[in-house]
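Tertiary structure, described
Residues per chain are reported as follows:
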Amino acid sequence: MNVIETAGLGKRYGKAWALRDCTVAVPEGSLAALVGPNGAGKSTLMNMAVGLTLPTAGTATVLGGQATGSPVALDDIAFMAQDAPLYRNLSVADMLHLTRNLNRRFDESAARQRLTDLGIPLKKKAGKLSGGQQAQVALTMALARRPRLLILDEPLSALDPLARQDFMATVMTAMADDGVSVLLSSHALAELERVADYLVVLGDGELRLAGPVDDLLAEHRVLTGPTATAGLLVGEFQTVQVRRAGAQAHLLVRDAGPDGTVPAGWEAHPVGLEELVLAYLRPGDGGTSAAAQNVPRTELTEVSK
């Protein structure tokens, strides 16, 4: 089952497309990393998945074909918007009470117990909590709804390293103990590399890359060799990015060739998640808006030493 599935999904504001022609399927049980620069369409995609925004084009369903925004879907989705929005003048206890009254399903006793275990005072106003504590309160309220799908929009951006680690530990525990599927938008690529098993890359409102992380990493590699023959390899492999540093060139390619070999004088190296994402997002280096295509030799990019 796919917890999020889109086909040709797009959203236009006036004449500008925030997201267009997005087709992706996020499988159940995954932690899907949604990455891309600001303005890439990440929040737009999440808002349409939740049902907060209606698409201009295409379709989107959640949790095995449920209509986005439908009551049955909303009962099983928890959404934590950017900056962990809380009512700053309400105490944590009041926030829990309010959330319980606004939801048909909310485990207030479990939420209280979890916050107590974290040492977060229930009588303290939300606005007086640290950034990490505010994030934990928002996450606790989301998980207390017992969702099947948890959607998190940039939850790590304002957190220090320790708070990030604690936050992600809570998310991973919810996945393991309760079977929650997660869509997580973040710029913290190093953090995502440790936890994500599915990847969705957006750039300029378009889908650049999507798929299981292990499969994508296995399909790509970096070829290193003499700049003089780099142009020949560009025509042989599906090239995502080409960089030259003096006499040496580095090609990030998607296919491994018919027999998995590389020409004499060249070496193949595995690629990491951060390197892969940046290659698909960096303009002018041979990145494309869909699957990598062959790059003309004239588009080789100079990189100074």
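The rules behind the values
Residues numbered from 1 in each chain as written. Predicted model: local features only at pLDDT ≥ 70, side-chain atom pairs only at ≥ 80, totals over all residues. Heavy atoms only, no water. Buried < 20%, exposed > 50% of the residue type's maximum accessible area, 1.4 Å probe, protein only. Helix = DSSP H or I, 4+ residues; strand = E, 2+ residues; numbered from the N terminus. Pairing = 2+ DSSP bridges. Lys, Arg positive; Asp, Glu negative; His and termini not counted. Salt bridge = Lys/Arg side-chain N within 4 Å of Asp/Glu carboxyl O. Polar contact = N/O pair within 3.5 Å; in protein donor to acceptor, adjacent residues only side chain to side chain. Contact = heavy atoms within 4.5 Å. Axes fitted to C-alpha atoms, helices over the stretch in contact; angles between N-to-C directions. Phe/Tyr/Trp six-rings, centres within 6.5 Å; stacked < 30°, edge-to-face > 60°. Lys NZ or Arg CZ within 6 Å of the ring centre and 35° of its normal. Arc of directions from axis to C-beta. Core = buried A, V, L, I, M, F, W, Y, C linked by side-chain atoms within 4.5 Å. Parallel < 35°, antiparallel > 145°, perpendicular 65-115°, else oblique. Left-handed = near helix turned anticlockwise from the far one by under 90°. Nonpolar A, V, L, I, M, F, W, Y, C, P; charged D, E, K, R; others polar.

Successive side chains on a regular strand alternate, one facing one side of the sheet and the next facing the other. The buried fraction of strand β8 (residues 181–185) amounts to five of the five residues, a majority that puts the element mostly inside the structure. Residues S181, L183 and S185 line one face of β8 and the alternating positions V182 and L184 line the opposite face, and both faces are buried. Examined bridge by bridge, strand β3 (residues 31–35) and β8 share four bridges and lie parallel to one another. Counted as the bridge partner of L31 is V182 from β8.

Let's shift gears to the side chain of K11. Within the secondary structure, K11 is located in strand β1 (residues 2–13). Comment: no salt bridge for buried K11; closest opposite-charge side chain is D153, at 16 Å. There is a polar contact of 2.8 Å between the side chain of K11 and the backbone oxygen of L54. Other than its neighbours up to four places away in sequence, K11 contacts A16, W17, A18, L19, T44, M48, T53, L54, P55 and T56.

Turning to the sheet that holds strand β5 (residues 66–67), a few remarks are in order. Pairing within the open sheet is antiparallel, and its four strands lie in the order β2-β1-β4-β5. If you trace the sheet from one side to the other, it starts and ends with β2 (16–27) and β5, each paired once. Two elements, strand β4 (residues 57–62) and β5, share two bridges in a ladder whose sense is antiparallel. Its bridge partner lying in β5, T61 is registered against A67. Against the sheet, helix α1 (residues 42–50) engages β1, β2 and β4, with an angle of about 120 degrees to β1.

Let us look at the packing of aromatic side chains. This structure, assessed with the given rule, holds zero aromatic pairs. Its end group placed over the ring of Y13, K11 keeps NZ or CZ at 5.3 Å from the ring centre.

Turning to the sheet that holds strand β7 (residues 149–153), a few remarks are in order. Within a sheet, each strand pairs with its neighbour through backbone hydrogen bonds, oriented either parallel or antiparallel. Judged by pairing direction, the sheet is mixed, and its six strands sit side by side in the order β6-β7-β8-β3-β9-β10 without closing on themselves. Lying at the two open borders of the sheet, with one neighbouring strand each, are β6 (77–80) and β10 (206–212). With strand direction ignored, the average angle separating the axes of adjacent strands in the sheet is 10 degrees. Running at roughly 135 degrees to β3, helix α6 (residues 161–178) makes contact with β3, β6, β7 and β8 of the sheet.

What follows covers helix α3 (residues 92–102). Of all the positions in α3, only V92, A93, M95, L96 and T99 are classed as buried. Considered in projection along α3, the buried side chains sweep an arc of 160 degrees and stay on one side of the axis. The exposed residues of α3 that point more than 90 degrees off its buried face are N101 and L102. Residues of α3 that are buried make contact with α4 (108–117) and α5 (131–143).

As a further point, take the nonpolar core. By size, the foremost hydrophobic cluster in this structure holds 57 residues, and its most contacted members are L31, L150, L152, F167, V182 and L199. The biggest single contributor to this core is α5, with seven residues. If you look at the next biggest cluster of nonpolar residues, it comprises 27 residues, including M46, A49, I77 and L202.

The N-to-C vectors of α3 and α4 enclose an angle of 155 degrees; their axes lie 10 Å apart at closest approach. On the basis of their axis angle, the class for α3 and α4 is roughly antiparallel. Crossing of α3 over α4 shows right-handed handedness. Together, V92, A93, L96, H97 and R100 of α3 and E108, A111, R112 and L115 of α4 make up the contact between the two elements. Here the contact of α3 with α4 is built from residues that sort into five nonpolar, one polar and three charged.

A separate point is the pairing of strand β11 (residues 221–226). Within β11, five of the six residues are buried, which leaves it mostly tucked inside the rest of the structure. The sheet contact formed by β11 and strand β13 (residues 248–253) spans six bridges and is antiparallel. Paired with L223 across the bridge in β13 is L251. Where β11 lies against strand β14 (residues 267–269), three bridges are found, and the strand directions are antiparallel. Along β14, the bridge assignment pairs V222 with H269.

Between α5 and α6, the least distance of the axes is 10 Å, while the angle of their chain directions is 10 degrees. By the criterion of interaxial angle, the relationship of α5 to α6 is roughly parallel. Residue-level inspection shows G132, A135, Q136, L139 and L143 of α5 in contact with α6, the latter providing A163, D166, F167, T170, V171 and A174. Classifying every residue of the contact of α5 with α6 by side-chain character gives seven nonpolar, three polar and one charged.

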